[in-house]
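Residue-level listing of the chains:
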Protein chains: 2
Amino acid sequence: MTGLSAIPTPGSTPDLDHLCINTLRFLSVDMVERAKSGHPGLPLGAAPMAYVLWTRYLRHHPREPSWPDRDRFVLSAGHGSALLYALLHVTGYDLPLEELQRFRQWGSRTPGHPEVGHTPGVEVTTGPLGQGFAMGVGLAIAERFLAARFNRPDAVVVDHRTYGIVSDGDLMEGISSEAASLAGRIALGKLVYLYDDNHVSLEGGTNLAFTEDAVARFRAYGWNVLRVEDGNDLAAIDAALASAVGQSERPSLISVRTHLGYGSPVQDTREAHGEPLGAAGTEATKTKLGWPLAPTFLVPEPARTAFAAAIPRGDEWVRAWASRRAALRAADPKLAAEFDAALAGSLPSGWDADLPMFAAKDGPVATRDASSKVLNVLAGRIPTLMGGSADLNPSTKTYLTGAGDFGLDGGNGRNLHFGVREHAMTSIVNGLAMHGGIVPFSATFFCFADYARPGLRIGALMRAKALHIYTHDSIGLGEDGPTHQPVEHLWSLRVMPGMTVIRPGDANETVGAYRVALTRSGPVALVLTRQKLPTLDLPAERLQRGVERGGYVLVESHRAPPDVTLIATGSELALATRAAALLAGEGVAARVVSMPSTTIFDEQTEEYRAATLPPATPKLAVEAGATAGWWKYVGSSGDVIGLDRFGASAPGDVVLANLGFTVEHVVERARRLARRTAR
Amino acid sequence: MTGLSAIPTPGSTPDLDHLCINTLRFLSVDMVERAKSGHPGLPLGAAPMAYVLWTRYLRHHPREPSWPDRDRFVLSAGHGSALLYALLHVTGYDLPLEELQRFRQWGSRTPGHPEVGHTPGVEVTTGPLGQGFAMGVGLAIAERFLAARFNRPDAVVVDHRTYGIVSDGDLMEGISSEAASLAGRIALGKLVYLYDDNHVSLEGGTNLAFTEDAVARFRAYGWNVLRVEDGNDLAAIDAALASAVGQSERPSLISVRTHLGYGSPVQDTREAHGEPLGAAGTEATKTKLGWPLAPTFLVPEPARTAFAAAIPRGDEWVRAWASRRAALRAADPKLAAEFDAALAGSLPSGWDADLPMFAAKDGPVATRDASSKVLNVLAGRIPTLMGGSADLNPSTKTYLTGAGDFGLDGGNGRNLHFGVREHAMTSIVNGLAMHGGIVPFSATFFCFADYARPGLRIGALMRAKALHIYTHDSIGLGEDGPTHQPVEHLWSLRVMPGMTVIRPGDANETVGAYRVALTRSGPVALVLTRQKLPTLDLPAERLQRGVERGGYVLVESHRAPPDVTLIATGSELALATRAAALLAGEGVAARVVSMPSTTIFDEQTEEYRAATLPPATPKLAVEAGATAGWWKYVGSSGDVIGLDRFGASAPGDVVLANLGFTVEHVVERARRLARRTAR
């Protein structure tokens, strides 16, 4: 009972333990009954392990849910949210009983699945299976990185664990395999997952589709795997947790055999998973487990008292931590200040002081290369900027030179090697962001953002501050062909709420894109070329600052009003400027609007937008991607040069030319548009 | 040497084997050199295993690449395409040397990654890692299902294996874990993968991120795992293949230790992966492996002769198969006809004879329930309609009643249980489609189409005929909240080239949607509600047939031209019809256009489109999803009621009402639009 010796337990007798566990169970059941919607099965089966974890291991403080050195808890099986809300309520978080009674109702703090920002104590948003598993890996990486950076022998300011409850559904999702293999590789010894092994999933028994030996599988990943044969055996759960916590070499998976809907008439059946038990079922379950039928939402006084021990315990931990932080301040004020700033999420002053300016005379630069330069400059100024790619650093150009590697040979550097695992990478980066203290980035080819999409969405929903660097952004990448050439990706990401997409048009806009990305809330996708682009021969400052408005007039027409306005992004921006020059030669007055980010442009005032894209001027958008979203900007009288088909394998310039991305084609379509409207 | 006894080997001496293998190696190297782009590393290391497989095991016929009972070969590591093209060329497929010399050039049959339809002998499109792995699982499922359905003891017309070469990158991708776990569960004994274990990935050594024990991991999935310590040891490769082929209880993974870029100066380094060796590197490699420096693209006569044995062997196999098919025709003409029709991809006559008509008086029906009815009717008429859901059958309503389960208790029924594995599900369904003979479907919640996106894209690129049934299509699903509520998904799929998205507005449109889906080429996403919708009180036939045009006038305004046109899809269609009725009461003439599929509507003539959505009429689109793509249809003077934010957890009707999806709101916005334009 190492756990008990480490932390005072609230339950001194088995009866009290039992009472507390049933409190969690029936708060959950009553929540689901009241809402007439939800998942009672997981709470009934997993309450004992949650109880042992929360009362004997988890270091947290209900009154200070954002205490930086708290242990993190992730309910990866987010459909069991009622159990989490019950835990938060009884231990004293700001989640009154009335909120439990408004489970799954409009405006409540108890949404159907746990959502960051709605409920104090919820660390990450979960529900889509596997996301929590991978985000937990990110939380654990953040802890180890920050500990290595900020701890001093006499001032250990970062020292916590990441715990989670994961389900068979989590383990079936590929993202968990990716994250688990990586966690094994980098030996995340302070990551401990309880696996609610209940043998039932939504369709029926897990034997329908899931008969693998999960224990052997996780051992193959290099995990410390423990097994508890009876999910109600508190001593066994406690011993397993003690053993997991007692080592720090490997991540731990504690497989706990539980029973879905334990105690209910539908125990061990799929009916227990996602529907209320109903009045009769609830009565039968309460009777079976010795719980009073009334009142509902009962928290017996002894249980309330026992759970309430979380607060004085939390006080003590937070006090002790505050004194360690004070020690750090005394020993190394500069480091302490850096620590405070990192935790506050502020960028160090002067973070953008060294950002480069690019000049046309220095020749063409791929925006991935400009990005590499900027990223490395920023890494020099922002000590907690860290990230990596899905096995593509040499191509995405995202290695931070001299910043060391993370998890290799015991190093805790800032370059992460995610392997060919875009999905886990993205959700791990979400975890880094949600931990606090880190400015994280991911990187891969833009086409493979598809693999990461559920992670991108959860990140957007959480407003996780993460930078996703996507290179090889169009058919312009060339020979690798349509499997690697993004077409629909720009619009498919632009339509995601909360996601900012920026596709800079040259090296200077790339600098501007980073400036925006680092100061904006929520995730940002930077979309960059593989191929070289001319650095536009215009004031660099104008390009860099223009990005801040999302869209701006880059080249004014030689007379006002223009006959036509060209709108372009990324590699098509140079095309548009060259076309405008040729059009001017023919006497057609063309304005060029650079639109690196429709997301940001849409946030500008109507006045600004109308001044940039005057309603009366015919407009032509040019982008090597799907056309669908551009009609909003060009209007009924406008035109779009885009790509509503897959690309092809050939040298990039050949593909671009054959699919209509030539200056001649832009001139021709612009001319036609100007004339049509003039008529 | 079981393989040798089974199939005559072309190489009688080690020297000839060596010559043949080097032929494959240097054709690949020369292709990459000529293209100045590509991946020489894999062909150099994996040529021996490919050689043994192709010459001693793979049953195929270069002159009849679509012989239905051929073994399937999947190069999951699609970046090694040069090796596949070399194999296809030397064994006699219609891929002349000139095509190898045009590797990665516009219009060639040798694109950067293998693409179905461009090159005879390419079974599936690969490149994005993990896709081939999962599609191979689909190919093997198809084989087993068709064998169970069509073979007779005296007429075995389906009996082939699925082979593949997979890489470390494939094994890192989560989709492979999902597919492998499922393949183990359903014991796909005729699936054999060679794992090119070369210890190097793009960033460097695989030890950067991939140190798991892959052998133990695949054993945990229930696979038969074999190991070859030297990738140049043909006897060991042969013995492993013989052992894999000699059993049929479990899928096999043969882990072969190879050397990336074998024989080259950059052997075993990441530089060998994805760049040409260069003139000096090529010369050094040829010298080291005893190959003449000139001419390039050399196929020595003895090697050509040896490889050419594939054709007479193939003739023999195809002849033997033809006689088995004749035996089936003699023994069971009806079954034989069904077999022929399935292979031809034709639907049985009368396939749509029993499709239901729904009536308004029968009350509201969720489109997922209408779908369930239709799907089961179709299953009764189409014996090779098969599929399943990612552990959501009870919610997606996609179980085929009475059609049996696949892979459970030795059964070969038509219901697949994919587990919580949306990504593998989708790519497996692609494999089913690409095998031929099957009409496959997948199913999950629409939100989780995100997990499947790379599979959807590969399917669209291959024009794989698969049906993806997505229920729980909007915020209308209610309590599960924003993690489960699609918002951006409609437009993010509509912008994917080759993907047809259909969101029917009531039960009868759902019938129409299936009618279209089954007769259309390429993948179709059916987007369906969880909540009940009124069955519109209009002629059922009109709704069912209307879907075929993508968009059509559902309700004409009481006078022409209309003051306003309402465009709606899915659950918003009933809202629009009710709004139109209310507007009529106010004297505003509103037309209602149902637009179940913008994909199909866009294919109609300009005339039809202009008649349906007259340019001069103000238009209001109503859809509970992102607005971005609707501006193309409503134009500059139009308006969109949509959702550019995440949803919320509450009962569905509350969420819909609070976010603007009420008849009052539609009336108000339509009225405003009609007046604004009238002014």
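Within any chain, residue numbers begin from 1 and follow the written order of that chain's sequence. The naming scheme follows written order: chains are lettered A onward, ligands numbered 1 onward. Side-chain atom pairs in this predicted model are given and counted only at pLDDT of 80 or more, local residue features only at pLDDT of at least 70, and totals for whole chains, interfaces and linings cover all residues. Calculation of side-chain values draws on the structure's entire complement of heavy atoms; hydrogens and water are dropped beforehand.

S.K.: Could you clarify how one ought to interpret the pairing of strand 6 (residues 224-228) of chain A in this entry?
M.R.: As a general feature of sheets, a regular strand has side chains that alternate between the two faces. Residue and element names in this part refer to chain A. Counting buried residues in strand 6 gives 4 out of 5 residues, a clear majority hidden from the surface. When strand 6 meets strand 7 (residues 252-257), the two strands line up parallel, connected through 5 bridges. For L226, the partnering residue across the bridge sits in strand 7 and is I254. On the question of chirality, the crossover connecting strand 6 to the parallel strand 7 by way of helix 10 (residues 234-245) is right-handed. Under the scheme applied here, a residue whose accessible area is under 20% of the maximum for its type counts as buried, over 50% as exposed, and between as partly exposed, the area being computed with a 1.4 Å probe on protein chains only. Secondary structure is summarised from DSSP: a helix means a run of H or I of at least four residues, a strand means a run of E of at least two, and numbering begins at the N terminus for each. A pair of strands is considered paired only if DSSP assigns at least 2 bridges between the two. By convention a crossover is right-handed if, when the strands point away from the viewer, the path from the first strand over the helix to the second runs clockwise.

S.K.: Sorry if this is basic, but what is going on with the domain arrangement of chain A here?
M.R.: Where interface size is quoted, it is often the accessible area lost as the parts come together. Residue and element names in this part refer to chain A. Domain boundaries in chain A define domain 1 (35-260 + 309-315), domain 2 (360-533) and domain 3 (549-678). Residue ranges for the domains originate in an automatic or database domain assignment. Using C-alpha coordinates to define each centre, domain 1 is positioned 28 Å away from domain 2. We call two residues in contact when some of their heavy atoms are within 4.5 Å. Each side of the interface is counted separately: domain 1 has 29 residues, and domain 2 has 31 residues. Here the quantity called buried area is the total loss of accessible area, with a 1.4 Å probe, experienced by two parts when brought into contact, counted for both. Summed over both sides, the interface of domain 1 with domain 2 buries roughly 2500 Å², with 72% coming from carbon and sulfur. Ranking the residues of domain 1 by area buried against domain 2 places F145, E178 and L182 at the top, with a combined share of 23%. The salt bridge definition used is simple: a Lys or Arg side-chain nitrogen within 4 Å of an Asp or Glu carboxyl oxygen. Taken together, domain 1 and domain 2 are joined by 0 salt bridges. Identification of polar contacts relies on pairs of N or O atoms within 3.5 Å, with a donor-acceptor requirement for protein atoms, meaning one able to donate a hydrogen and the other able to accept it, and with residues adjacent in sequence counted only if both atoms are side-chain atoms. Connecting domain 1 to domain 2 are 8 residue pairs in polar contact (both at pLDDT 80 or more). Elements with a minimum of two residues in the side of domain 1 that touches domain 2: helix 6 (131-150) and helix 8 (174-185). Considering every element that reaches the side of domain 1 that touches domain 2, the biggest residue donor is helix 6, with 15 residues. Here the term charged refers only to Asp, Glu, Lys and Arg, the term nonpolar to Ala, Val, Leu, Ile, Met, Phe, Trp, Tyr, Cys and Pro, and the term polar to all other amino acids, Gly among them. Counted by class, the side of domain 1 that touches domain 2 contains 17 nonpolar, 5 polar and 7 charged residues.

S.K.: Sorry, what's going on with the relation of the copies chain B and chain A here?
M.R.: The relation between the two copies of this chain is a rotation about an axis and a shift parallel to it. A least-squares fit on C-alpha atoms brings the copies together, and the residues used are those whose pLDDT is at least 70 in both copies. With an axial shift of 0.0 Å and an RMSD of 0.0 Å, the rotation relating chain B to chain A amounts to 180 degrees. What the rotation and shift describe, once combined, is the action of a two-fold rotation axis. Here 100% of the interface residues in chain B have copies in chain A that are interface residues too; the copies meet face to matching face.

S.K.: What is the right way to look at the interface of chain B and chain A in this model?
M.R.: Listed per partner, the contact involves 97 residues of chain B and 97 residues of chain A. Roughly 7800 Å² of surface becomes buried between chain B and chain A when both sides are summed, with 60% attributable to carbon and sulfur atoms. Taken together, the links from chain B to chain A amount to 6 salt bridges. Across the pair D480 of chain A and R104 of chain B runs a salt bridge whose closest N-O atoms are separated by 2.8 Å. Taken together, the links from chain B to chain A amount to 46 residue pairs in polar contact (both at pLDDT 80 or more). Among the residues forming the side of chain B that touches chain A, the class breakdown is 43 nonpolar, 32 polar and 22 charged.

S.K.: For this particular structure, what's the right way to read the packing of helix 6 (residues 131-150) of chain B against helix 8 (residues 174-185) of chain B?
M.R.: Relative placement of two packed helices is described by the angle separating their axes and the distance separating the axes. Residues and elements named next belong to chain B. Angular values range over 0 to 180 degrees, each being the angle between N-to-C directions of two axes fitted as lines to C-alpha atoms, with helices fitted over their stretch in contact. Contact geometry for helix 6 and helix 8: axes closest at 8 Å, N-to-C directions at 25 degrees. Our classification of the angle between helix 6 and helix 8 gives roughly parallel. Crossing hand, helix 6 versus helix 8: left-handed. Side by side, helix 6 and helix 8 meet where Q131, F133, A134 and V137 of the first sit next to I175, S176, A179, A180 and A183 of the second. Its residues placed into classes, the contact of helix 6 with helix 8 shows 7 nonpolar, 2 polar and no charged. Roughly parallel refers to an angle under 35 degrees, roughly antiparallel to one over 145, roughly perpendicular to one between 65 and 115, and oblique to any angle outside these ranges. Crossing handedness: left-handed means the near helix sits turned counterclockwise from the far one by under a right angle, and right-handed means the same turn made clockwise.

S.K.: I tried to follow the nonpolar core on my own but got confused; where do I start?
M.R.: Nonpolar side chains in soluble globular proteins tend to be buried together. In these notes, a set of buried Ala, Val, Leu, Ile, Met, Phe, Trp, Tyr and Cys residues joined through side-chain atoms within 4.5 Å is what counts as a nonpolar core. Residues I141 and W223 of chain A together with I141 and W223 of chain B are the most contacted members of the largest nonpolar core, which totals 114 residues. Those residues in contact with W223 of chain B that sit more than four places away from it in its chain are F133, A180, A183, G184, L191, Y193, F218, R250, P251, S252 and L253 of chain B. By size, the runner-up hydrophobic cluster in this structure holds 101 residues, among which are L575, A626 and L643 of chain A together with L659 of chain B.

S.K.: How do you make sense of the packing of aromatic side chains when you look at a structure like this?
M.R.: Between two aromatic rings, the relevant description is the distance of the centres plus the angle of the planes. Aromatic rings from Phe, Tyr and Trp, with only the six-membered ring used for Trp, were paired whenever their centres fell within 6.5 Å, and each pair was classed as stacked if the ring planes differed by under 30 degrees, edge-to-face if by over 60, and tilted otherwise. Within the structure shown, the criterion is met by 37 aromatic pairs over all chains. A centroid spacing of 5.0 Å and a plane angle of 50 degrees characterise the contact between F150 of chain B and F339 of chain B, whose relative ring orientation is tilted. With F150 of chain B in helix 6 and F339 of chain B in helix 15 (residues 333-344), this residue pair connects regions lying 189 residues apart in the sequence. The same class applies to F150 of chain B as to F339 of chain B, namely buried. Three or more aromatic residues joined by ring pairs make a cluster, and in this case those are F133, Y193, F218, Y221 and W223 of chain A. Lying over the aromatic face of W491 of chain A, R494 of chain A brings its terminal NZ or CZ to 4.6 Å of the ring centre. A ring is considered to have a charge above it if a Lys NZ or an Arg CZ atom is located within 6 Å of its centre and within 35 degrees of its normal. Sitting over the face of the ring of F150 of chain B, R149 of chain B holds its NZ or CZ atom 5.9 Å from the ring centroid.

S.K.: Explain the sheet that holds strand 9 (residues 385-389) of chain B here, please?
M.R.: Backbone-to-backbone hydrogen bonds join strands into a sheet, with any given pair of strands oriented parallel or antiparallel. Residue and element names in this part refer to chain B. Pairing is parallel in the open sheet, where 6 strands are placed in the order 10-9-11-12-14-13. Across the chains shown, the open sheet's two edge strands, defined by having one partner strand only, are strand 10 (415-417) and strand 13 (500-502). Taken over all neighbouring pairs, the strand axes of this sheet differ in orientation by 20 degrees on average, direction set aside. In this sheet, strand 14 (residues 524-527) lies alongside strand 13 in parallel orientation, the contact comprising 3 bridges. Each bridged residue has a counterpart across the sheet, and for V501 the counterpart in strand 14 is A525.

S.K.: What is the right way to look at the side chain of H468 of chain A in this model?
M.R.: Residue and element names in this part refer to chain A. With respect to the secondary-structure elements, H468 resides in strand 12 (residues 467-471). A relative accessible area of 1% places H468 in the buried class. Reaching out from H468, the side chain makes a polar contact with the side chain of S442 at a distance of 2.8 Å. If near-sequence neighbours (up to four positions away) are discounted, H468 is found in contact with T426, V429, S442, L456, P523, V524, A525 and L526.

S.K.: How should I be thinking about the sheet that holds strand 6 of chain A in this particular structure?
M.R.: Residues and elements named next belong to chain A. With parallel pairing, the 5 strands of this open sheet are ordered in space as 1-2-3-7-6. Both outer strands of the open sheet, strand 1 (72-75) and strand 6, are each paired with one neighbouring strand and no more. Geometrically, the sheet is characterised by an average inter-axis angle of 15 degrees between neighbouring strands, direction not taken into account. Where strand 2 (residues 162-167) and strand 3 (residues 191-197) come together, 6 bridges link them in parallel fashion. Among the inter-strand pairings, Y163 is bridged to a residue of strand 3, identified as V192.

S.K.: Help me understand the environment of A517 of chain B in this model?
M.R.: Residues and elements named next belong to chain B. For A517, the position within the fold is in helix 21 (residues 507-519). Along the primary structure A517 and E548 are separated by 31 residues, whereas in three dimensions their C-alpha atoms are 9.6 Å apart. For A517, the residues in contact, after removing those within four places along its chain, are K465, L467 and V524.

S.K.: Help me understand helix 19 (residues 453-462) of chain B, please; the structure alone is not making it clear to me.
M.R.: For an α-helix, the turn length of 3.6 residues means that residues three or four places apart are oriented alike. Most of helix 19 of chain B sits inside the fold, with 10 of its 10 residues counted as buried. Every buried residue belonging to helix 19 of chain B is among R453, P454, G455, L456, R457, I458, G459, A460, L461 and M462 of chain B, and all of these are buried. Looking at the buried positions of helix 19 of chain B, the neighbouring elements they touch are helix 19 (453-462) and helix 20 (489-494) of chain A together with helix 6, helix 18 (422-435), strand 12 (467-471) and helix 20 (489-494) of chain B. Positive phi shows up at R463 of chain B, right after helix 19 of chain B, with a value of about 55 degrees.

S.K.: What is the right way to look at the pairing of strand 7 of chain A in this model?
M.R.: Residue and element names in this part refer to chain A. Strand 7 sits mainly inside the fold: 6 of its 6 residues count as buried. Burial along strand 7 is two-sided: the residues S252, I254 and V256 and L253, S255 and R257 are all buried. Bridge count for strand 3 against strand 7 is 6 bridges, and the pairing is parallel. Within strand 7, the residue paired with Y195 across the bridge is S255.

S.K.: How do you make sense of helix 3 (residues 41-57) of chain B when you look at a structure like this?
M.R.: One less than the residue count of a helix, multiplied by 1.5 Å, gives the span that helix is expected to have. The end-to-end C-alpha distance of helix 3 of chain B is 24 Å, a good match for the 24 Å that 17 residues give at a rise of 1.5 Å each. With 17 of 17 residues buried, helix 3 of chain B is to be regarded as a mostly interior element.

S.K.: Looking at this structure, I do not really get unusual backbone geometry. What am I missing?
M.R.: Leaving glycine out, the prevailing phi sign among residues is negative, and the prevailing peptide bond configuration is trans. Residues and elements named next belong to chain B. Following A294, the chain continues into P295 via a peptide bond in cis, with omega recorded as -5 degrees. Omega for the bond connecting A560 with P561 falls within 30 degrees of zero, at -10 degrees, which places this linkage in the cis form. Tracing the backbone through its elements, the reader meets P561 in the loop between strand 16 (552-555) and strand 17 (564-568). With a phi close to 55 degrees, F297 is a non-glycine residue in the positive phi region. Structurally, F297 can be placed in the loop between helix 12 (278-288) and helix 13 (301-308). For F297, a relative accessible area of 5% puts it in the buried group.

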